[in-house]
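# Descriptive analysis of the structure
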Amino acid sequence: MSSLTHFDAQGQAHMVDVAGKAATHRVAVASGRIEMLAATLALIESGTAKKGDVLGVARIAGIQAAKKTSDLIPLCHPLALTRVAIEFEIQREGNAVGCTATVETVGQTGVEMEALTAVQVALLTIYDMCKAVDRGMTITDVRVREKHGGKSGSFVNP
């Protein structure tokens, strides 16, 4: 296993220097889910939640989160994202909403953190919009599913 890249020789945290890396097309896909009561899922599906279109608002929140990742994660590079797509899947079995974020850029560093941040914030937004009826919702299974581009190539996590 290689050493951690966010620490220098003295063990101090630093931002990784990517100046010497080639700019390539980079893609990351992350996913997660939020489990809830069946009645909460029905509210989301019907579009009758008190605060409005839950999934529409969560989609915009996820996109904004991807764009703001470097403001939230201290050692992330600010990136010019070329695409952020947020998809939701109603999972009746298990009473959950699945979320998948696909983030792309052409640059010198990957977009895994942006994809993970997008998923988390989209799921947190669902929680926020539905907490009045279901405080027991659980966010789970958040992970990087795929990463492509750069020197290390592709990674797929089924």
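Described in the following lines is the structure provided in the data block. Computed from a predicted structure; not experimentally measured.

Moving on, we come to the sheet that holds strand S2 (residues 81-91). Strand order in the open sheet made by the 5 strands is S2-S3-S1-S4-S5, with antiparallel pairing throughout. Single-partner strands in this sheet number two, and they are S2 and strand S5 (155-156). Pairing between strand S4 (residues 138-148) and S5: 2 bridges, direction antiparallel. From the neighbouring strand, Lys147 faces S5, where its bridge partner is Phe155. Its contacts with the sheet put helix H2 (residues 54-67) on S2 and strand S3 (96-107), and the angle it makes with S2 is roughly 145°. Taken strand by strand, helix H4 (residues 112-130) contacts strand S1 (24-35), S2, S3 and S4, and its axis lies near 25° from that of S1.

A pair of packed helices is captured by two measures, namely the crossing angle of their axes and the spacing between those axes. The geometry of H2 relative to H4 is characterised by a closest axis approach of 7 Å and an angle of 145° between their N-to-C directions. Seen along the crossing, H2 lies across H4 with a hand that is right-handed. For the pair formed by H2 and H4, the contact residues are Val54, Leu55, Val57, Ala58, Ala61, Gly62, Ala65 and Ala66 on the first element and Glu114, Thr117, Ala118, Val121, Ala122, Thr125, Ile126, Met129 and Cys130 on the second. Of the residues assigned to the contact of H2 with H4, the class counts are 13 nonpolar, 3 polar and 1 charged.

What counts and how
- Residues numbered from 1 in each chain as written.
- Predicted model: local features only at pLDDT ≥ 70, side-chain atom pairs only at ≥ 80, totals over all residues.
- Heavy atoms only, no water.
- Pairing = 2+ DSSP bridges.
- Helix = DSSP H or I, 4+ residues; strand = E, 2+ residues; numbered from the N terminus.
- Contact = heavy atoms within 4.5 Å.
- Axes fitted to C-alpha atoms, helices over the stretch in contact; angles between N-to-C directions.
- Left-handed = near helix turned anticlockwise from the far one by under 90°.
- Nonpolar A, V, L, I, M, F, W, Y, C, P; charged D, E, K, R; others polar.

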